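So you can see what is in the structure, the chains are spelled out below.
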Amino acid sequence: MNILNIWQIGCMALLASSLQAAYSPTKYGKPACQSYMITDCKTKPHFGMAGFSVTDPSLWYTIETNSYPDGTLLSQGRNKGSAEGGVYLSPTGFTIGEAGNYWVNITAILQNPEDTNILIPVYLVRDDTFDPTDPLTVGGVATIRTEELITIQGSGILEKVTPGTRLSLVAMNGGSETPVPVTVVAWGISLFKMP
């Protein structure tokens, strides 16, 4: 087994471990509602984790990214997830059922299958639409060298989320005139409703 395979397996294990730890029913021995800064434990917490990860590289998938700001759906084939309260799993992330402000964390592990370095921004979007003017956009950007795997992360607050809002991840490229392929190794979205 070469170093790249060991590193890939390690990345997958780390992602799975962190997602599992973040969404255990209790945290630090406290009920989940207290762990997420909800002082009234009679109020049902609203939180969730959704993601895709596999240990078999043949199950990774490739998307064609368009030039910024034209996003391509990255969060496909969700195979992991849990949700509680007014947060509902979808094939590409979540549908929100409870209005409010949400703390969100996103992660995408990507590989560059191209012969040249590529610049890839990844963003969380509402209702499949990327808004480059939104000052509270949650996302991250990375340059990925040939055959390299890299983790892109972002976190922040989504304000005034309305019921029925769909949340998913999109990717784009840093300005290529033609679509640029990128391989999706894993992705994850976690969130909770702020009190």
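Below, the structure is looked at part by part.

Thresholds applied
Residues numbered from 1 in each chain as written. Predicted model: local features only at pLDDT ≥ 70, side-chain atom pairs only at ≥ 80, totals over all residues. Heavy atoms only, no water. Helix = DSSP H or I, 4+ residues; strand = E, 2+ residues; numbered from the N terminus. Buried < 20%, exposed > 50% of the residue type's maximum accessible area, 1.4 Å probe, protein only. Contact = heavy atoms within 4.5 Å. Areas by Shrake-Rupley, 256 points an atom, 1.4 Å probe, with all protein chains shown as cover. Polar contact = N/O pair within 3.5 Å; in protein donor to acceptor, adjacent residues only side chain to side chain. Salt bridge = Lys/Arg side-chain N within 4 Å of Asp/Glu carboxyl O.

1. Here's the deal with the overall build of the chain
A tally of helices and strands in the chain yields 2 helices and 14 strands. Counting all 195 residues of the chain, 43% fall into the buried class. In the chain, the proportion of contacts linking residues at least 24 apart, taken out of those at least 6 apart, comes to 77%. Working note: accessible area of the chain is about 9,700 Å², and carbon and sulfur atoms make up 54% of it.

2. Section: the side chain of Asn173
Counting through the fold element by element, Asn173 comes out in the loop between strand S13 (166-171) and strand S14 (180-193). Residue class for Asn173 comes out buried when judged on its relative accessible area of 2%. Of the polar contacts made by the side chain of Asn173, one reaches the backbone nitrogen of Gly175; its length is 3.0 Å. A distance of 2.8 Å separates the side chain of Asn173 from the backbone nitrogen of Ser176, its partner in a polar contact. With sequence-adjacent residues up to four places away left out, Asn173 is seen in contact with Thr65, Asn66, Ser67, Tyr68, Leu119, Ile120, Pro121, Thr178, Pro179 and Val180.

3. Here's the deal with the pattern of salt bridges
On inspection of all chains with the given rule, the structure shows 3 salt bridges. Across the pair Asp127 and Arg166 runs a salt bridge, and its minimum N-O distance is 3.7 Å. Taken as a pair, Asp127 in the loop between strand S10 (118-126) and strand S11 (139-144) and Arg166 in strand S13 lie far apart in primary sequence, 39 residues in all. The class of Asp127 is partly exposed, set by a relative accessible area of 32%. Arg166 sits in the partly exposed class, given a relative accessible area of 38%. Across the pair Glu148 and Arg145 runs a salt bridge, and its minimum N-O distance is 3.1 Å. Put simply, Asp127, Asp128 and Arg166 are held in one network by salt bridges that share partners.

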